[in-house]
Amino acid sequence: MPILPVTPSGTPEVERPDPAKLIDGDPVFTTWNLEERDGLYCGIWESTPGIWRISYDEWEYCRILAGHSVITEEGGTSFEARAGDSFVIPPGFKGTWQVIETTRKDYVIRL
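Counting from 1, residues in each chain are numbered in the order their sequence is written. A pLDDT threshold of at least 70 governs which residues receive local features in this predicted model, and a stricter bar of 80 or more applies before side-chain atom pairs are shown or counted, although totals over entire chains, interfaces and linings include all residues. For the side-chain quantities, the full set of heavy atoms in the structure was used; hydrogens and water were omitted.

**Looking at the overall build of the protein**
Across its full length, the protein holds zero helices and nine strands. Each helix (α) and strand (β) of the protein, taken in turn from the N terminus, gives the series β-β-β-β-β-β-β-β-β. Only the C-alpha atoms count toward the radius of gyration. The rule for a globule is 2.2 Å times the residue count to the power 0.38. The C-alpha atoms of the protein give a radius of gyration of 14 Å, which matches the 13 Å a tight globule of 111 residues would have. When the backbone C-alpha atoms are referred to their principal axes, the protein occupies close to 45 × 30 × 25 Å. Considering the protein as a whole, with its 111 residues, one finds that 37% of them fall into the buried category. Considering only contacts in the protein between residues 6 or more positions apart, those separated by 24 or more positions represent 62%. Numbering of helices and strands runs from the N terminus, with a helix taken as a DSSP run of H or I at least four residues long and a strand as a DSSP run of E at least two residues long. Only protein chains enter the area calculation, which uses a 1.4 Å probe; residues under 20% of their type maximum are buried, those over 50% are exposed, and those in between are partly exposed. The contact definition used throughout considers only heavy atoms, calling two residues in contact when any of these lie within 4.5 Å.

Quick look at the structure:
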C-alpha cells in the first residue's frame, strides 16, 4: 500500500451544512477524502465562516492547518482552534462549530 500525502488533490466534495443545523452564515465545506476503509476516514476539510450545530457518533482527531474556529459544547465550554492546534472530538459530543476565519484541518475519523 503506498503512502498517502496529506495535501489537497483531485476533485473535492463541496457541500453546505444541513439547513436544520445552520445557525448563522452560509458556510461552504470543501473536503478532500484521502482514505475511506473499514470505518476509518481521513483527509483535509475546509469551511468558510458560519455557525452550525454538531453532533458526533464517532471519534475525530483534528489538526488545524489554517484559520480560526470556536467549538462550543452544549452547556457553554468553548475551545478556540487555530493553526497548529490538535484535538479529539469524542462520540456523544454535541454543540456548535463556528468558523470565524476560513478554517482548514486534516482529520482522522474512526467509527
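Alright, that's what it looks like, and here's the rest.
**Observations regarding the pairing of strand β4 (residues 40-47)**
Of the pairings in the sheet, the one linking strand β3 (residues 29-37) to β4 comprises eight bridges and is antiparallel in character. Across the sheet, Thr30 pairs through a bridge with Glu46, a residue of β4. Strand pairing is defined by DSSP finding a minimum of two bridges between the two strands. Inspection of the sheet shows β4 paired to strand β9 (residues 94-110) by eight bridges, in the antiparallel sense. By the bridge assignment for β9, Tyr41 is matched with Ile109.

**Points about the nonpolar core**
Among buried residues, those of type Ala, Val, Leu, Ile, Met, Phe, Trp, Tyr and Cys that are joined through side-chain atoms within 4.5 Å constitute a nonpolar core. Within the largest apolar cluster, 16 residues are counted, with the highest numbers of intra-cluster contacts made by Trp52, Ile54, Ile71, Phe87 and Trp97. Listed by contribution, the elements that provide at least two residues to this core are β5 (50-55), β6 (59-73), β8 (86-89) and β9. Looking at this core element by element, the count peaks at four residues for β9. Once residues lying within four places of it in the same chain are set aside, the contact partners of Ile71 are Ile54, Thr77, Ser78, Phe79, Ala81, Phe87, Phe93, Thr96 and Trp97.

**Examining the side chain of Glu60**
By secondary structure assignment, the location of Glu60 is in strand β6. Judged by relative accessible area, which is 4%, Glu60 ranks as buried. Polar contact is defined as a pair of N or O atoms within 3.5 Å, subject to the rule that within protein one atom must be able to donate a hydrogen and the other to accept it, and that residues adjacent in sequence are counted only when both atoms are side-chain atoms. Polar side-chain contacts of Glu60 include one of 2.9 Å to the side chain of Tyr56. Looking at Glu60, its side chain comes within polar contact range of the side chain of Lys105, at 2.7 Å.

**So, the packing of aromatic side chains**
Only rings of Phe, Tyr and Trp enter the pairing, Trp through its six-membered ring, and a pair is recorded when the two centres are within 6.5 Å. The plane angle decides the type: under 30 degrees is stacked, over 60 is edge-to-face, the rest tilted. Applying the stated criterion across every chain, the model contains six aromatic pairs. For the pair Trp45 and Trp97, a centre-to-centre distance of 5.5 Å together with 70° between the ring planes defines the contact as edge-to-face. Taken together, the residues span a long stretch of sequence, with Trp45 in strand β4 and Trp97 in strand β9 at a distance of 52 residues. Each of the two residues, Trp45 as well as Trp97, counts as buried. Here Phe87 and Trp97 contribute two aromatic rings whose centre-to-centre distance is 6.4 Å and whose plane-to-plane angle is 45°, an arrangement assigned as tilted.

**What to know about the side chain of Glu58**
If you trace the backbone, Glu58 turns up in the loop between β5 and β6. Counted charges follow a simple rule, with Lys and Arg positive, Asp and Glu negative, and His plus the chain ends left uncounted. Take a side-chain nitrogen of Lys or Arg and a carboxyl oxygen of Asp or Glu: if they are within 4 Å of each other, that pair is a salt bridge. For the buried Glu58, which has no salt bridge, the nearest side chain bearing the opposite charge is Lys105, at an N-O separation of 8.5 Å. Not counting chain neighbours up to four residues away, the residues in contact with Glu58 comprise Ile89, Pro90, Pro91, Ile109, Arg110 and Leu111.

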